[in-house]
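Single-letter residue listing:
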Amino acid sequence: MGKVAKKSSSTSLHGDNSPAKVRQRKIHGSTKEIGDATEVEADRSIPREDSKKRWRNWRQRTVFTFVMIGGFFTVIALGPLSIMLMVLCLQVMIYREVISLSSVPKKERDLPWARAMNAYFLGCMEYYLYGQNMHRALKRHPWLEAHLKLVFAHHTFISFSMYLVGFVWFVGTLRKGYYRFQMGQFAWTHMALALVVMQSQFMIENIFEGIFWFFLPIALVIVNDIFAYIFGFFFGRHQLIELSPKKTWEGYIGGGLMTMVFGFVFTALLSDWKFVVCPPPNLHMTVFSDVQCDVNPVFVPRDYQLPAAVTALLHAVLQRSITTVTIRPVQFHSLAISAFASLIAPFGGFFASGVKRAFNIKDFGNSIPGHGGVTDRFDCQFIMAAFSHTYYSSFIRMSTVTVSSLFSSFLVLNSDKQLELYQSIQEFLQSSGSLNSSAIVAMSETAV
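Residues numbered from 1 in each chain as written. Predicted model: local features only at pLDDT ≥ 70, side-chain atom pairs only at ≥ 80, totals over all residues. Heavy atoms only, no water.

Caption draft 1: Layout of the packing of helix α3 (residues 80-101) against helix α9 (residues 179-209). At their nearest, the axes of α3 and α9 sit 10 Å apart, and the two run at 165° to each other. Between α3 and α9, the angle is such that the two are roughly antiparallel. Classified by chirality, the crossing of α9 by α3 is right-handed. Packed against α3, whose contacting residues are Pro80, Ile83, Met84, Val87, Gln91, Ile94, Tyr95, Val98, Ile99 and Leu101, the element α9 presents Trp188, Thr189, Ala192, Leu193, Val196, Val197, Ser200, Gln201, Met203, Ile204, Ile207 and Phe208 at the interface. (Axes fitted to C-alpha atoms, helices over the stretch in contact; angles between N-to-C directions. Helix = DSSP H or I, 4+ residues; strand = E, 2+ residues; numbered from the N terminus. Parallel < 35°, antiparallel > 145°, perpendicular 65-115°, else oblique. Left-handed = near helix turned anticlockwise from the far one by under 90°. Contact = heavy atoms within 4.5 Å.)

Caption draft 2: Quick look at the confidence of the model for the protein chain. Here the protein chain averages 82 in pLDDT, and 82% of its residues register 70 or above. The low-confidence segment residues 1-47, where pLDDT is below 50, has 57 contacts with residues more than four positions distant or belonging to other chains. (pLDDT = per-residue confidence, 0-100.)

Caption draft 3: Representation of unusual backbone geometry in the model. Look at Gln319: it is not a glycine, yet its phi comes out positive at around 60°. Position of Gln319 relative to the elements: it lies in the loop between α13 (308-318) and β6 (324-327). The class of Gln319 is exposed, set by a relative accessible area of 59%. In this model, Asn360 sits at a positive phi of 55°, which is unusual for a non-glycine residue. Tracing the backbone shows Asn360 in the loop between α15 (346-359) and α16 (374-378). (Buried < 20%, exposed > 50% of the residue type's maximum accessible area, 1.4 Å probe, protein only.)

Caption draft 4: Quick look at the pattern of salt bridges. According to the stated counting rule, one finds six salt bridges in the structure shown. Between Arg397 and Glu209 there is a salt bridge; the shortest N-O distance is 2.7 Å. One end of the pair, Arg397, is in the loop between α17 (381-395) and α18 (403-412); the other, Glu209, is in helix α9, and 188 residues separate them in sequence. Between Arg328 and Asp272 there is a salt bridge; the shortest N-O distance is 2.9 Å. Within this pair, whereas Arg328 is found in the loop between β6 and α14 (329-343), its partner Asp272 is found in the loop between α11 (249-270) and α12 (274-277), the two being separated by 56 residues in sequence. On the basis of relative accessible area, Arg328 is assigned to the buried category, the value being 12%. (Salt bridge = Lys/Arg side-chain N within 4 Å of Asp/Glu carboxyl O.)

Structural data, given as structure tokens:
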């Protein structure tokens, strides 16, 4: 007993809490013992992984990053139709991953229509959204639009009727003892439709304004993700947010700066490529198509006068007098979009991390080696697509009336009104001298 007491006394004097023996200092992500000294982990430091595992993950993630980038460029080159099909596939895959989080197989065995209803509500939403897009695309083919006039005229009512069928179906399947579970599933399904399908639909909206407005926002998020990972991997020391322990301030700031530079330069490179800046004339155009259009003025270079102070500084440094610079206005817009991609879009990923924390999972799936599921890679893209479409509609879009939109309005009129409009246009053209006898003959020969 005496020895035990003596040992205990010695431990209390010279143990872990002894100032003579203990040196505490913050280190990155681990706790080590050096002699009798203990190094404690910082409260918000970044957890270190095994060195070999980190580099193995780095290689795997890098390889599949380039594979995805290559596939993405291939889809872009194949044109609007392939892009729409890609977005549709992504919507279905991500919707499936999100819906599976709330799956309870034991209960679903007693509710055989649960999965079928999830698929049905997805089908209703896709019909409503893609029906609108198909109507817009077919405006460039008036003869086909004329045959589907009734379907497009009542598209919203048809879509709502389809939803009502699903709603009645759901209510009819409610079972005693499962009410809470079924209501939770119903709410989760609608949340997935709103956050996944509806937000990603803005990608399709952007395509019809020009592939540029689809391509640039996605590229900015990808570049931000890559550089944030690189800066965080090599320089990360300070944790950014608790939801994502591996996200660092160094990665957040470094990725943001590189994204701004990339957006400004990359926009200038794309602005002369009419394949991306022109609204697609049809869905089957590809990178090899000869696309021509009157480009939006934001893509046209302009000369900007430099402030006197900047001119003096440049003269002192370069020994040259530079008073103006030539920049495309869209490059300034790209800085705003890049800032959103760097500062706000990552919070879409943090939200997804919160969902994973809530369901105690590491990834939404394992379909992409080194990256997790499809949702893990596209969690920031949805809010980015919504912002870019809103920004474009607010600050860039030109208000124009096209022949196809006028013809669509013409088709809504009855035959008497159509004839009246035709006669009015003919009289106007004849009175203005635009339609003379030789023009009528030429039009007749063209029609034949």
